[in-house]
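Listed below, chain by chain, are the residues.
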Amino acid sequence: MIKNDLFLRALKGEIVHRPPVWMMRQAGRYLPEFMKIKGKYDFFTRCRTPELASEITVQPIRRFGMDAAILFSDILVIPQAMNVEVEMKPDFGPYLPNPIRDQKAVDNVIIPDVYEDLGYVMEAIKATKEKLNDEVPLIGFAGSPWTILCYMVQGQGSKNFDKAKGFCFSNPIAAHQLLQKITDTTVAYLKAKITAGVDVVQIFDSWGGMLSPSDYQEYSWKYIQQIIDALKDKVPVIAFGKGCWFALHEMSKSGAAALGVDWTCSARNARYLSGGNITLQGNFDPSRLLSPPLEIKKRVHQMINEFGKDKYIVNLGHGILPNIPVDNAKAFIDAVKEYKV
Ligand code: CP3
């Protein structure tokens, strides 16, 4: 039994005295204790060493006491396991030296044995569960198949993922084969994570908002729905699509326990579009954490009032930025804990 089950209760839609809170990308970005580890070990070493990954995961919980932990890892461990090389270049981000650009490259992508190639993630989960000692639930995650395709084809981050979109629209058959391979791998991967001990799963569709509403259905949502169908009876699934407010109606009927919203969608609109009954998560502008702590607290209370305290999980609208002062992150979490109706 998890001692602080606020997050799990909000996911079930139960009445709570205050909403739970966590922050996307809370593990490993801005904390001085993380910077120390980062100075010593490169990115994938941190991901692959259970002792390091579990330590980075619990650091923000120890410091701020969020209501959920998210495993330190990355969405790009999936392409690596599928035989697509991924490097993490300091001050640049992900770099894939051999991006996928044709049918032959799609044929060469493998569906791995997740226990063999991603076993280190399962070990990190077990180590983290021990450290958490059932204090708070642990979130496991994966990128959406579309977001993973974006990196596999583009080869790096991008403002518009033009090469990824170009590949899909000029070679839809190969694109759908690739998306299906990523989906099958992701389902096996998340099932293994659940067996290893994660309590909740979140799908990050960071680049879903790059697509038009109809292309979103065809290239992204269809595959996220497959993942939800495969997992929803095992653990609650949270679907977060950045810039995907237009799909909230469809998403609300998917079997997901909660939907993430970014800061460009008002609480009122998000509730309206999602039908008013599903738990929503979000949507503080990550840059707003650069406001002074008192201003942050005022705005967090306002945000809770707008979403309502029930069927709601306080979070940012996207990942925390690396330049956020620790005191400001603390003000965000404390504001939720201090919230009174
Ligand atoms: O909450 C957490 O921080 C848990 C760990 C986590 C990381 N990546 C660690 C990481 C999570 C949940 C992610 C998800 C992720 N990774 C997403 C989806 C969420 C989002 O932000 O949209 C995406 C698109 C990626 C791909 C990725 N990984 C990028 C674009 C970068 C470089 C820029 C950046 O975000 O820092 C990474 C590297 C990465 N992943 C770092 C960390 C802590 C920084 C590199 C380092 O520490 O050396």
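Being a predicted model, the structure only gives us computed values, none of them experimental. (Residues numbered from 1 in each chain as written. Predicted model: local features only at pLDDT ≥ 70, side-chain atom pairs only at ≥ 80, totals over all residues. Heavy atoms only, no water.)

Chemist: Lay out unusual backbone geometry with the relevant residues and their values.
Modeler: Of the consecutive residues Gly-282 and Asn-283, the connecting peptide bond is found in the cis state with omega at -15°. Here Asn-283 is to be found in strand β8 (residues 279-284). Positioned with a positive phi, Arg-25 is a non-glycine residue whose angle comes to about 65°. Here Arg-25 is to be found in the loop between α1 (6-12) and α2 (32-40). For Asp-91, which is not glycine, the phi dihedral falls at a positive 60°. (Helix = DSSP H or I, 4+ residues; strand = E, 2+ residues; numbered from the N terminus.)

Chemist: Which residues make up the environment of Ile-324, and what values go with them?
Modeler: Tracing the backbone shows Ile-324 in the loop between β9 (312-316) and α16 (326-337). A sequence separation of 276 residues divides Ile-324 from Arg-48, and the C-alpha atoms of the two residues are 26 Å apart. Setting aside residues no more than four positions away along its own chain, Ile-324 makes contact with Tyr-30, Pro-286, Leu-289, Leu-290 and Ala-329. (Contact = heavy atoms within 4.5 Å.)

Chemist: Outline the sheet that holds strand β4 (residues 138-143), supporting the account with residue identities and numerical values.
Modeler: In spatial order, the strands read β1-β4-β5-β6-β7-β8-β9; together these seven strands make up an open sheet with parallel pairing. Pairing within the sheet leaves two strands with one partner each, and these edge strands are β1 (69-70) and β9. Relative to strand β6 (residues 237-241), strand β5 (residues 200-205) is paired through five bridges, and the arrangement is parallel. From the neighbouring strand, Phe-204 faces β6, where its bridge partner is Phe-240. (Pairing = 2+ DSSP bridges.)

Chemist: How would you summarise helix α10 (residues 162-170) if you had to cite specific residues and measurements?
Modeler: Taken together, the buried positions of α10 are Ala-164, Phe-167 and Cys-168. Along α10, the residues classed as buried sweep out an arc of 95° about the axis, all on the same side. Buried-residue contacts for α10 involve α6 (103-108), α9 (145-154), α11 (172-196) and α12 (213-231). (Buried < 20%, exposed > 50% of the residue type's maximum accessible area, 1.4 Å probe, protein only. Arc of directions from axis to C-beta.)

Chemist: Describe the site of the ligand, naming the residues involved and giving the relevant values.
Modeler: Close to the ligand lie 24 residues; Ala-27, Arg-29, Asp-74, Ser-206 and His-318 are nearest. Between Gln-26 and the ligand, the recorded distance is 3.1 Å, taken from a backbone N or O atom to an oxygen atom. His-318 has a polar side-chain atom sitting 2.6 Å from an oxygen atom of the ligand. Only α2, α3 (43-48) and β3 (93-95) provide two or more residues apiece to the shell around the ligand. Tallied by class, residues from the shell around the ligand come to 13 nonpolar, six polar and five charged. (Near = heavy atom within 4 Å. Polar contact = N/O pair within 3.5 Å; in protein donor to acceptor, adjacent residues only side chain to side chain. Nonpolar A, V, L, I, M, F, W, Y, C, P; charged D, E, K, R; others polar.)

Chemist: An account of the packing of aromatic side chains is needed here, citing residue identities and associated values.
Modeler: As enumerated under the stated definition, the model contains 13 aromatic pairs in all. Their ring planes at 75° and their centres at 5.7 Å tell us that Tyr-151 and Phe-161 sit as a pair that is edge-to-face. Taken together, the positions of Tyr-151 in helix α9 and Phe-161 in the loop between α9 and α10 put the pair 10 residues apart, joining distant regions of the chain. The same class applies to Tyr-151 as to Phe-161, namely buried. With 5.3 Å between their ring centres and 40° between their planes, Phe-161 and Trp-207 make a pair best called tilted. Within this pair, whereas Phe-161 is found in the loop between α9 and α10, its partner Trp-207 is found in the loop between β5 and α12, the two being separated by 46 residues in sequence. For Phe-161, a relative accessible area of 0% gives the class buried. (Phe/Tyr/Trp six-rings, centres within 6.5 Å; stacked < 30°, edge-to-face > 60°.)

Chemist: How would you summarise the pairing of β6 if you had to cite specific residues and measurements?
Modeler: The buried count for β6 comes to five of five residues, which makes it a mostly enclosed element. Here β6 shows no split at all, with Val-237, Ala-239 and Gly-241 on one side and Ile-238 and Phe-240 on the other all buried. One ladder, built from three bridges, connects β6 with strand β7 (residues 258-260); its direction is parallel. Looking across to β7, one finds that Ala-239 is bridged to Leu-259.

Chemist: How would you summarise the pattern of salt bridges if you had to cite specific residues and measurements?
Modeler: Applying the stated criterion across every chain, the model contains 14 salt bridges. Put simply, Arg-18 and Asp-67 hold a salt bridge, and the shortest N to O gap is 2.9 Å. With Arg-18 in the loop between α1 and α2 and Asp-67 in the loop between α4 (50-64) and β1, this pair connects stretches of sequence that are 49 residues apart. Looking at Asp-67, the relative accessible area reads 2%, which means it is buried. In this structure, the salt-bridge partner of Arg-63 is Glu-33, at a minimum N-O distance of 2.9 Å. Taken together, the residues span a long stretch of sequence, with Arg-63 in helix α4 and Glu-33 in helix α2 at a distance of 30 residues. Overall, Arg-63 belongs to the partly exposed group, its relative accessible area being 37%. (Salt bridge = Lys/Arg side-chain N within 4 Å of Asp/Glu carboxyl O.)

Chemist: Help me get a handle on the nonpolar core, residues and values and all.
Modeler: Met-23, Leu-118, Leu-178, Tyr-189 and Phe-332 are the most contacted members of the largest nonpolar core, which totals 131 residues. With 11 residues, the top contributor of residues to this core is α11. Discounting residues that sit within four places of it in the chain, Leu-118 has contacts with Val-77, Ile-78, Ala-81, Asp-113 and Tyr-189. (Core = buried A, V, L, I, M, F, W, Y, C linked by side-chain atoms within 4.5 Å.)

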